[in-house]
Amino acid sequence: MRVLLLSMPDSFEHTPTLAIRMPTGALSSLAGNVDPHHEVAVADLVLVQRSVRPTIERLMAELQPDMVGLSVMTFQRATARRIIALVRALKPGVRIVVGGYDPSLAPETWMPPALGVDAIVRGEGDLTFRELLRAFEARGPLSDIAGLWWREGDGFRCNPPRPAAALDGGDVRPPGRAARVLTGYTMLGRPVDVVETSRGCTFDCSFCSIIEMRGRNFHRFPIARVIDDIADARARGARAIFFVDDNMTLDVPRFEALCRAIIDARLDTIDYLVQAMTAPIAAHGDTLAPLMRRAGFRYVFLGIENVVEEDLVFLKARAKNSRWRGAARVHTAKAAIDILHRHGMLVVGGLIVGNPDDGPDAVAANLEFARRYVDWPYIQHPTPYPGTPMTRDFEARGLIAKRRVEEYDGTTAITRTARLAPEEVEFLRWKAERWMKLRHMPAAFGHDPLFVLRHARGMLAHTFRGTTWRSICGLESSRDVFARYRRLRERERTYLDWPDPLPIGDAHRLSRKTSASCMLPVGSR
């Protein structure tokens, strides 16, 4: 079969495509895990944000796929619907399959017949998608494929979920990077790729979709397989690699072993980025951090989450961001940051502001912490993604102010607090965060001077969108600039000039959790 796999063009505010264009590792993994006689093409549409429609039209004409698969996050839902409608217009008989976080956790939004989705892959897709292609090719039954929901008439048959795959037995094969048909992945001008060394997390943070999608578990790839994967990415040109593990620091001894293996394999000339918890870095940083730096780690995304104790409790993120000191628990963010800085690494600080009981002082405390200690702020607002405990909490308390999921991008405030409107929370973050990002420019220049010299104007224009000469001269207030920025951000969310196949009322209704009309698979009654 000929298969075209698409990731959506919608990008996050904190990762402007001028500077960061990452591949979608899940699609490359799908490509690597189907039977080798299938012809699979992977297209990350973030690479062509200004030419989404002509790119899809070209790929459909050149590849003539039998199946088109889409990986979708919640804020990309409207774009995905338009892409499905365009694909259907270009080739009415093509099969449409959707997967990723949003179809996994909100499958009911993908079931309306008007959308034309044929199958929903829920949870990890490597094995489910492999079996789906085999069944389609052999005209066999779909009812035995765990993790699959599939259309029958105007309804869906819903198979049982597929357990998270164990990764040490070879069932999940390495990614198929050769299937990528677009180019231009970059991290500050350096060719970038993604590698995973493990999957899953055992914590239960209230805001996180991971445990809702795959349960609380942690599985590891063999280190030799990881080293081969890094070497493959480097052979294809990567000079920066983002480890996309859900939580690599769950197993610190293994992380240290991986660093040694990278050094021994002479793969330490690559710039590595990784996500980490603060508590393990604070507790084990004296031995781990020197190894990380020797192996080539440059940026560490620290999940600080919040520096206010009450907010950490609400986020269920206290255990991973604090440790006992005597009879009291103390936050470990500052200690972790100090260790990483001492060993020459830069900290991307992940914080969440605008929690239910936040007032101006709580928001200000987090913004001040980010200003003083982190190198690049990645500050978000609580977002009611489908299925998470946080969403259930916000619904019960009546705090969700916005239902347009296109705005569920992390930096648009969706929920009110007991004391602040969502627009006020967003304004406070936006106003402070722009100047924090500006402070990172010297560090970026020191490492990638040619890129910064070429693109400094564009980077500043993105960071300070909405600013005019009138505002610079003090003739407009920061509120005026913020309003202009929000209008610009709204226009940026339209990537495709094609009608949405769902009426506006239906699309907004499906933004709320609805009951899925789901039939049992044939023969399972």
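To keep things clear, this report deals only with the structure shown in the data block. Every value quoted in this text rests on a predicted model; they were computed, and no experiment measured them.

**Regarding unusual backbone geometry**
- In this structure, arginine 139 is a non-glycine residue whose phi angle is positive, near 55°.
- Here arginine 139 is to be found in the loop between helix H5 (126–138) and strand E7 (148–152).

**Quick look at helix H3 (residues 77–90)**
- For H3, built from 14 residues, the straight-helix expectation of 20 Å at 1.5 Å per residue is met to within 8% by its first-to-last C-alpha distance of 20 Å.
- Here H3 lies mainly inside the structure; eleven of its 14 residues are buried.
- Looking only at H3, the buried set comprises Arg77, Ala78, Thr79, Ala80, Arg81, Ile83, Ile84, Ala85, Leu86, Val87 and Arg88.

**So, the pattern of salt bridges**
- This structure, assessed with the given rule, holds 46 salt bridges.
- In this structure, aspartate 497 engages arginine 53 in a salt bridge whose closest nitrogen and oxygen atoms are separated by 3.5 Å. Placement of aspartate 497 in the loop between helix H18 (478–492) and helix H19 (504–509) and of arginine 53 in helix H2 (residues 52–63) is noted, with a sequence separation of 444 residues between them.
- Among the salt bridges present, the one from arginine 88 reaches aspartate 118, with a minimum N-O distance of 2.9 Å. Residue arginine 88 is located in helix H3, and its partner aspartate 118 is located in the loop between helix H4 (101–105) and strand E6 (119–121); the two are separated by 30 residues in the primary sequence.
- The network of salt bridges with common partners includes Glu13, Arg404, Glu406, Glu407, Asp409, Arg465, Arg489, Glu490, Glu492 and Arg493.

**Some points on the packing of H2 against H3**
- The geometry of H2 relative to H3 is characterised by a closest axis approach of 11 Å and an angle of 40° between their N-to-C directions. When the axes of H2 and H3 are compared, the pair comes out oblique. Here the hand of the crossing between H2 and H3 comes out right-handed. Facing H2, whose interface residues are Arg53, Ile56, Glu57 and Met60, H3 presents Ile83, Leu86, Val87 and Leu90.
- The residue inventory of the contact of H2 with H3, partitioned by class, reads six nonpolar, no polar and two charged.

**Topic: helix H12 (residues 360–373)**
- Between its first and last C-alpha atoms H12 spans 20 Å; for 14 residues at 1.5 Å apiece the expected length is 20 Å, and the two agree.
- Every buried residue of H12 is accounted for by Ala362, Val363, Asn366, Leu367, Phe369, Ala370 and Tyr373. Projection of H12 onto a plane perpendicular to its axis shows the buried side chains occupying an angular sector of 155°, all on one side. Along H12, the residues that are exposed and aim more than 90 degrees away from the buried face are Asp361 and Arg372.
- Buried-residue contacts for H12 involve strand E15 (297–305), helix H10 (309–315), helix H11 (333–342), strand E18 (346–352), strand E19 (376–380) and helix H14 (422–438).

The rules behind the values
- Residues numbered from 1 in each chain as written.
- Predicted model: local features only at pLDDT ≥ 70, side-chain atom pairs only at ≥ 80, totals over all residues.
- Heavy atoms only, no water.
- Helix = DSSP H or I, 4+ residues; strand = E, 2+ residues; numbered from the N terminus.
- Expected span 1.5 Å × (residues − 1).
- Buried < 20%, exposed > 50% of the residue type's maximum accessible area, 1.4 Å probe, protein only.
- Salt bridge = Lys/Arg side-chain N within 4 Å of Asp/Glu carboxyl O.
- Axes fitted to C-alpha atoms, helices over the stretch in contact; angles between N-to-C directions.
- Parallel < 35°, antiparallel > 145°, perpendicular 65-115°, else oblique.
- Left-handed = near helix turned anticlockwise from the far one by under 90°.
- Contact = heavy atoms within 4.5 Å.
- Nonpolar A, V, L, I, M, F, W, Y, C, P; charged D, E, K, R; others polar.
- Arc of directions from axis to C-beta.

By themselves, these are just geometric observations and shouldn't be taken as functional.
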